[in-house]
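The chain contents come next:
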Amino acid sequence: MSEELENSVRETLKSTTWTRAGIRDFTKSNLVELSQMLDKVFEENCNKQIKEICDEQLAKTNDSIVALYLSGMIALRDRSLDNSNLITLVDILEKNHKEALIEYLCNSILEEDPQNKFALRKLAEFYKEANNDKVWELYEQIVKIDLEEAEIAKTLAERYESQNNQELATSFYKKALLRFVGNHNISSVKEIWTKLVSLIPDEIDFFLLIQRKIAKSISETKSATLMQELYQYYKDTAKWDTAISILKLILSIDNKDTWARKEITECFRGKYSDHSHLEDYIRTSNLDSSFRNVFEAISDFEKHISFDAKNYVFHRTWGVGIITKVQGDQLTINFGKKSGIHPMSLKMAVSALQPLAKDHIWVLKATKKKEDLAKMVKSDVEGTLTTIIKSFDNKCDDKKIKAELVPSILTPGEWTSWHAKAQKVFAENKIFGVSPEDISIHTVRDHEISAEERYSNEFKAEKDFFKRIEIITRYVEDDETDKTDELFADMYNYFAGYLKSFQTLDEQVVASYLVVQNITKKLPSFTFPATFTFEQLYGDIDNKRDLFTKLKDSKNTSLKADFIANVRQLPDWDEQYIHLFPTVLDKSMLNLLISNGKQDKVQKLVQDCFEDYRNNRDATVFLFKECRNEDWFKSASISEEKQLITLVNIISLCYREVDNHVNTTENKKTIKNARTLLFAEKDTKAPDGKRNNMLEFMLKGGTDTITRLYTMVNDVKNLDSSDKMQLRNGILAKFPDYKFQEAEIKHETQKGLLVTAKMLEIKRDEAEHIEKVLLPQITQEVSEARAKGDLKENAEYSSAKEAQHIANVKLSNLKDELARAVIFDPTTVTTSMVSFGTKVTLQNNKENKEEVLTIFGPWESDPEKGFISYLSPLGNNLLDARTGDNLKFNINGKDFDYTVKSIAAAQF
């Protein structure tokens, strides 16, 4: 800070001793001068020092206008939540009737902080007193940022209503109503409720939402009283179903409500005015008699009233039928050609039949041709969804929808594309929603609901914590939603609540912090509720790596990235990045460390991972894949041989844990990644698009390196034999005279049964045919033969049982061989020695003739065509022979003498 500026401030504080007595001489130009001084303070970056000077002055003279202004405005620019000095200053100006200065000061505050509630309210008061229309703009800002402000929302609603702007009037009346409910102001709730009933009576879902809130936070009885007013509209407009549902709700709160019981009886009379037995059923159900439980009476009445001529019913055996005749207590029902016509008493019908609406999906399936119905379903996805959902009490999940359509109307293939269209309809069409109790249950309404209500319903129905984060994130990103809506505030407060009181610091607390942090950044009207910083939160996490893995992202959320971004702001972020990297596995973290001069720490991290690969196996695999060609990695002093050996050790370790059923899924994934890097890494420059890093290093190092590394690879018992075979073939291609230890080869050949891909498919088909076709046929034959009696002299039975035994034995052997089968990769054939997949030309020295044999497995063996198994005595004696070798051996007492003339790759 310059000495000149400090002296100027101190001089101003001394000479300008503005007090309550001398405030009359203070003008707008004085505030302008102080504003210019404030700019200089921040230009010279001495705001903290100047604030300290001003605060010292206030400790002596607490009404110094200069000190109050500078200290207050510095705090404001520094984003402090302490407005006390500015509030004191405005109070002084107000008491001295300096309205013009108040307006200037409030506008100055709002330039720095547009969301400042104090300045907005004070300026609004000033404009209201002055009858300035600017007050309305300020009122809207206040309602937007203060989610508890109800009176101003009501005032705005009344203004827009007077201007015949019903849309905005309704919007602000809704805000006011929700806020009055939150404030427990029941008298205002009643007033606004009445107003909205007159404006939007058809928005039944909104009123039901308010009813639930009132019942929960104020009084169930009062919520029922309000619903009576809404009910009157639906009764007057003869919308009987909704009127009846409202009355059922009222009765669920008080089943002794005589008014509601009387009204529901009248509604039933209105709905079923054309029914021939209406009054009989009202009487027999005791619907209008107070002695019977009202819901039992309603259930009884609704069952009976459904059974009238031309109505549809369902019987669990006979299917869908139509009532053709009603005579007294006797019904005649036509169940179609298959089940015919059935007479039935009303009493039996009530217990045995399910009434169906005329547009029930079962009725449509029973009365329409399949091709016509299929055409309708495919062309009108929305209508089909509406029909099916309404068919089942307006509650239906995807599984039920599929069951109604497949295979009776759509094929499984058609369902896949149709279901994709249905999901799009559910997402975009606002008449569809979800049950508040279960997010998998779809519902449908007679009118659209707002996007806000839809998100709110999804949020309440979803029980999974991280899926709720996904819902509120979509809400925030949806440009059409009102973020000042109380429904959004409820969702926001759900996560904010985790930060206000928690006993256990877990992933839900941390995720809530990140969610609330993001929302308050995007929506400044929401105040960040946490009284602690991320640094404090992070410091209290016991196992930081474990917590990171428990944060769950979706396509709309990025909690893990947000977590790492917050870690970046910590004073020791580099140490934390090093600690977290083996779990996060993000190369950008390493790049950031290196770009900030932390290369030595990164290299130490790499060395530690390769040394302690048991606890850092995935990090080690990641580093080898993503970083081994970087200069900083190359200078970390980890030899290429050590890198490869470490990957082999990781594979071996993971296989042992898999055998012991420890972290099987994770270990198998690690094995796959490490195997790929060692034996089949993608490389566009390679002839087959793959690079065998292990083989390349072996061949570069010579026979000593080959022996050392191949022995290690071969010792990994569970390793796929094709990996070992590739190494062996590659080694022999360059070093034809290299001798593998006999034990290594025997171990490899004993592990599995080498087969060609073609024969594997044939054998699989054969096993499936025996199991699914042949055995069921034989079982049927055994059953039929047994039915003929006297099993001792029943030749058919004996023959069938023998065939059954033979088939079972063959299937058992096939399954055993299939379990051991290892597909041979034709690209790995080596012609340097006799092996699987080679065609060898031999000179039979005893018979002086040439013989050509192809070496395959037992499945492909066909000696007459010259195909022999590598497991046969002859094949086993020929294995590993090279061109020019003379072979002499004895099989079952017969001597053989061959000379290998040539070795070629067989045709697969």
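Conventions and cut-offs
Numbers given for residues are sequential positions, taken from 1 along each chain in its written order. Restriction of local features to residues with pLDDT of at least 70 applies here, the model being predicted, together with a cutoff of 80 or more for giving and counting side-chain atom pairs; totals for whole chains, interfaces and linings are based on all residues. Computation of side-chain values: all heavy atoms of the structure, hydrogens and water removed. Put simply, DSSP H or I for four residues or longer makes a helix, DSSP E for two residues or longer makes a strand, and each gets a number counted from the N terminus. The buried label goes to any residue with under 20% of its type's maximum accessible area, the exposed label to any with over 50%, and the partly exposed label to all in between, with areas taken from a 1.4 Å probe on protein chains only. Throughout, the Shrake-Rupley method with a 1.4 Å probe supplies accessible areas, and for residues the shown protein chains are the sole cover considered. When charges are tallied, Lys and Arg are placed among the positive residues and Asp and Glu among the negative ones, while His and the ends of the chain are skipped. In this description, the location of a charge corresponds to atom NZ of lysine, CZ of arginine, CG of aspartate or CD of glutamate. Here the rule is simple: two strands pair whenever DSSP picks up at least two bridges between them. A fitted line through C-alpha atoms represents every axis, and for helices the fit uses only the stretch in contact; the resulting angles, taken between N-to-C directions, go from 0 to 180 degrees. Should any heavy atoms of two residues lie within 4.5 Å, those residues are counted as being in contact. A score from 0 to 100, pLDDT tells how confident the predictor is in each residue. Residue count minus one, scaled by 1.5 Å, sets the expected span of a helix. Working definition: the arc comes from the directions between the helix axis and the C-beta atoms, pointing outward to the latter. Points on a 1 Å grid, built from protein atoms alone, make a cavity when a 1.4 Å probe fits but cannot get out and make a pocket when they are open with protein on both sides within 12 Å along at least 5 of 7 lines; residues with an atom within 4 Å of a point are the lining residues. Grid points are joined across faces, edges and corners, and a volume is the space filled by probe spheres set on the points. We call Asp, Glu, Lys and Arg charged. Ala, Val, Leu, Ile, Met, Phe, Trp, Tyr, Cys and Pro are nonpolar, and the rest, Gly among them, are polar. Whenever Lys or Arg places a side-chain nitrogen within 4 Å of a carboxyl oxygen from Asp or Glu, that contact is recorded as a salt bridge. Nonpolar cores were defined as sets of buried Ala, Val, Leu, Ile, Met, Phe, Trp, Tyr and Cys residues, with membership established by side-chain atoms within 4.5 Å. Should an angle fall under 35 degrees it is called roughly parallel, over 145 degrees roughly antiparallel, and 65 to 115 degrees roughly perpendicular, with every other angle called oblique. Crossings are assigned a handedness: left-handed for a near helix turned anticlockwise from the far helix by less than a right angle, right-handed for a clockwise turn. We call Phe, Tyr and Trp rings a pair once their centres come within 6.5 Å, taking the six-membered ring for Trp, and we label the pair stacked below 30 degrees between planes, edge-to-face above 60, and tilted otherwise. Distance and angle both matter: a charge sits over a ring if NZ of Lys or CZ of Arg is within 6 Å of the ring centre and within 35 degrees of the ring normal.

Enquirer: Which residues make up the overall build of the chain, and what values go with them?
Expert: Across its full length, the chain carries 45 helices and 16 strands. Summarising its shape, the C-alpha atoms of the chain cover approximately 130 × 105 × 45 Å along the three principal directions. Burial statistics for the chain: of 908 residues in total, 46% are counted as buried. As displayed, the chain offers around 47200 Å² of accessible surface, 47% of which is attributable to carbon and sulfur atoms. Counting 127 positive and 145 negative side-chain charges, the chain places the averaged centre of each group 5 Å from the other.

Enquirer: Please provide a residue-by-residue account of the sheet that holds strand S14 (residues 867-869), values included.
Expert: Taken together, the five strands give an open sheet; going across it, the order is S14-S13-S12-S16-S15, and neighbouring strands pair in mixed fashion. Looking at the sheet topology across the chains shown, the edges are occupied by S14 and strand S15 (886-891). Averaged over neighbouring strand pairs, the angle between their axes works out to 45° when direction is ignored. Sheet topology note: the strand S12 (residues 838-844)/strand S16 (residues 894-905) ladder contains seven bridges and is antiparallel. The residue of S16 that forms the bridge with Thr838 is Ala905.

Enquirer: Requested: an account of the environment of Val90, with residues and values cited.
Expert: For Val90, the position within the fold is in helix H5 (residues 84-95). Between the alpha carbons of Val90 and Ile322 there is a distance of 80 Å; along the sequence they are 232 residues apart. Other than its neighbours up to four places away in sequence, Val90 contacts Ile102, Leu105, Phe118 and Lys122.

Enquirer: I'd like to hear about the confidence of the model for the chain, residue by residue, with values.
Expert: A residue-level look at the chain finds 97% of positions with pLDDT of 70 or above and a mean pLDDT of 90. Low confidence marks residues 742-750, where pLDDT is under 50. Its contacts with residues over four positions away, or in another chain, come to 14 contacts.

Enquirer: Describe helix H3 (residues 47-60), and please don't skip the residues or the numbers.
Expert: Turn by turn, an α-helix covers 3.6 residues, leaving residues three or four places apart pointing in a common direction. Here H3 is 14 residues long and its end C-alpha atoms lie 20 Å apart, about the 20 Å a rise of 1.5 Å per residue gives. Those residues of H3 lying buried are Asn47, Ile50, Ile53, Cys54, Gln57 and Leu58. Seen end-on, H3 carries its buried residues on one side only, within an arc spanning 140°. The outward face of H3, more than 90 degrees from its buried face, is lined by the exposed residues Lys48, Glu52, Ala59 and Lys60.

Enquirer: Any chance you could break down the layout of surface pockets for me, citing the residues and the numbers?
Expert: The calculated volume of the second largest pocket comes to roughly 980 Å³. For the lining of the second largest pocket, the secondary structure elements donating two or more residues are helix H10 (166-182), helix H12 (204-217), helix H25 (451-461) and helix H27 (486-500). Ranked by residues supplied to the lining of the second largest pocket, first place goes to H27 with 10 residues. Class assignment of the residues belonging to the lining of the second largest pocket gives a composition of 14 nonpolar, eight polar and 12 charged.

Enquirer: Which residues make up unusual backbone geometry, and what are the values?
Expert: Cis geometry marks the peptide bond from Val406 to Pro407, where omega comes out at 0°. One non-glycine residue, Asp393, adopts positive backbone phi at about 55°.

Enquirer: Describe the pattern of salt bridges, naming the residues involved and giving the relevant values.
Expert: Considering all chains together, one arrives at 50 salt bridges under this definition. Among the ionic pairs, Glu486 bridges to Arg179, the shortest N-O distance being 2.1 Å. Taken as a pair, Glu486 in helix H27 and Arg179 in helix H10 lie far apart in primary sequence, 307 residues in all. As far as the burial class goes, Glu486 and Arg179 line up, both buried. When salt bridges that share partners are traced, they join Asp574, Glu575, Lys598 and Lys601 into one network.

Enquirer: Give me the lowdown on the nonpolar core, citing residues and values where you can.
Expert: Ranked by internal contacts, the top residues of the largest apolar core, which has 110 residues, are Tyr69, Leu177, Trp193, Leu230 and Phe307. Take this core: its biggest share by element is nine residues, from helix H4 (residues 65-77). Apart from the residues within four sequence positions on either side, Phe307 is in contact with His275, Tyr281, Val313, Ile323, Val326, Leu331, Leu346, Ala349, Val350, Leu353 and Pro355. Core analysis: the next-biggest nonpolar cluster, separate from the first, contains 62 residues, Leu559, Val584, Leu593 and Val606 among them.

Enquirer: A description of the packing of H4 against helix H6 (residues 99-112) should follow, citing residues and the corresponding values.
Expert: Two elements in contact, H4 and H6, have axes separated by 9 Å at closest approach and are oriented at 25°. With respect to their mutual orientation, H4 and H6 come out roughly parallel. Our pair here, H4 against H6, has a crossing hand that is right-handed. When H4 is examined against H6, the residues Tyr69, Met73, Leu76 and Arg77 are found in contact with a partner set consisting of Leu105, Ser108, Ile109 and Glu112. The residue inventory of the contact of H4 with H6, partitioned by class, reads five nonpolar, one polar and two charged.

Enquirer: Break down the pairing of strand S4 (residues 341-345) for me, with residues and values.
Expert: Covered by surrounding structure in S4 are His342 and Met344 only, the residues Ile341, Pro343 and Ser345 on the alternate face being uncovered. When strand S3 (residues 330-334) meets S4, the two strands line up antiparallel, connected through five bridges. Pairing of Leu331 across the sheet is with Met344, part of S4.

Enquirer: Kindly report on empty space enclosed by the protein, identifying the contributing residues and their values.
Expert: In this approach a probe as big as a water molecule rolls over the atoms, and the regions it shows empty are the leftover space. Under the counting rule described, the total for this entry stands at one cavity of 30 Å³ or more. If you add up the space inside the largest cavity, you get close to 40 Å³. Where the lining of the largest cavity is concerned, the elements lending two or more residues are helix H41 (721-734) and strand S11 (821-823). No other element matches H41, which puts three residues into the lining of the largest cavity. When the residues that make up the lining of the largest cavity are grouped by side-chain class, the tally is five nonpolar, three polar and one charged.

Enquirer: Could you give me a rundown of the packing of helix H39 (residues 693-701) against H41, with the residues and numbers involved?
Expert: Put simply, H39 and H41 touch, their axes get as near as 10 Å, and they point 30° apart. By the angle between their directions, the pair H39 and H41 is classed as roughly parallel. The interaxial crossing formed by H39 with H41 has right-handed handedness. Between H39 and H41, the contacting residues are Met694, Leu695, Met698 and Leu699 on the first element and Gln726, Leu727, Gly730, Ile731 and Lys734 on the second. Its residues assigned to classes, the contact of H39 with H41 comprises six nonpolar, two polar and one charged.

Enquirer: Please give an account of the sheet that holds S4 that cites residues and values.
Expert: Picture the strands of a sheet paired through backbone hydrogen bonds; they go either parallel or antiparallel. With antiparallel pairing, the five strands of this open sheet are ordered in space as S4-S3-S2-S1-S5. Sheet topology places S4 and strand S5 (354-356) at the edges, where each strand pairs with a single neighbour. Strand-to-strand twist across the sheet, computed as the mean angle between neighbouring axes with direction ignored, equals 40°.

Enquirer: How would you sum up the packing of aromatic side chains? Please name residues and give values.
Expert: What the rule picks out here adds up to 46 aromatic pairs. An angle of 50° between the planes, with centres 4.8 Å apart, marks the rings of Tyr475 and Phe488 as tilted. Taken together, the positions of Tyr475 in helix H26 (residues 465-477) and Phe488 in helix H27 put the pair 13 residues apart, joining distant regions of the chain. Residue classification places Tyr475 among the buried residues on the basis of a relative accessible area of 0%. For Phe488, a relative accessible area of 0% gives the class buried. Pairwise contacts between aromatic rings join Phe502, Tyr513, Phe528, Phe532, Phe534, Tyr538, Phe548 and Phe563 into one cluster. A cation over an aromatic ring shows up here: Lys544 above the ring of Tyr538, its NZ or CZ 5.0 Å from the ring centre.

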